[in-house]
Amino acid sequence: MKHWLRSIDSSVLAMAGMRMLSALIELSAALLMLVFNDVRKALAINAVLAAVGPTVLIVTMAIGLLSLADELSFSRLAFIALGVVLILFGIYK
């Protein structure tokens, strides 16, 4: 098992860890909604989750882009950044 973990790229491990943390937050929020059993509290919890999703997306993309920065040209990095901006624009508009 230890050999398998050592063979995983540290950037991939960090990105997967962020996604696992996000999943844990989402699951915890769902359980809290069930425990509170109140629509107003469920909406408040859901509002907090609206900030978690894009934050995890940005952090995960940043980790990946930083690990690829030396392999990609500046124009390709600019296109990727533009894509992330458009995704966030689509989410919030």
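This write-up is about the structure you can find in this document. (Residues numbered from 1 in each chain as written. Predicted model: local features only at pLDDT ≥ 70, side-chain atom pairs only at ≥ 80, totals over all residues. Heavy atoms only, no water.)

### Quick look at the nonpolar core
Put simply, the rule reads: Throughout, nonpolar core names a set of buried Ala, Val, Leu, Ile, Met, Phe, Trp, Tyr and Cys residues whose side chains join them through atoms within 4.5 Å. To sort residues, take the accessible area from a 1.4 Å probe on protein chains only and compare it with the maximum for the residue type: under 20% means buried, over 50% means exposed, and anything in between is partly exposed. Each helix corresponds to a stretch of at least 4 residues labelled H or I by DSSP, and each strand to a stretch of at least 2 residues labelled E; elements are numbered beginning at the N terminus.
By size, the foremost hydrophobic cluster in this structure holds 5 residues: Ala29, Ile45, Leu49, Val52 and Val56. With 4 residues, helix H3 (residues 39-68) is the largest single contributor of residues to this core.

### Some words on the packing of H3 against helix H4 (residues 74-92)
The test is simple: Lines fitted to C-alpha atoms define the axes here, with helix axes fitted over just the stretch in contact, and angles between the N-to-C directions of these axes take values from 0 to 180 degrees. What sets the label is the angle itself: under 35 degrees gives roughly parallel, over 145 gives roughly antiparallel, 65 to 115 gives roughly perpendicular, and the rest give oblique. In what follows, residue pairs with any heavy atoms lying within 4.5 Å of each other are defined as contacts.
Put simply, H3 and H4 touch, their axes get as near as 12 Å, and they point 175 degrees apart. Relative to H4, the element H3 is oriented roughly antiparallel. Contacts between H3 and H4 involve Ala50, Pro54, Leu57, Ile58, Met61 and Leu65 on the former and, on the latter, Leu77, Ile80, Val84, Ile87, Leu88 and Tyr92.

### Details of the environment of Met15
Along the polypeptide, Met15 turns up in helix H2 (residues 10-36). A C-alpha to C-alpha distance of 8.2 Å links Met15 and Met61, two positions 46 residues apart in sequence.

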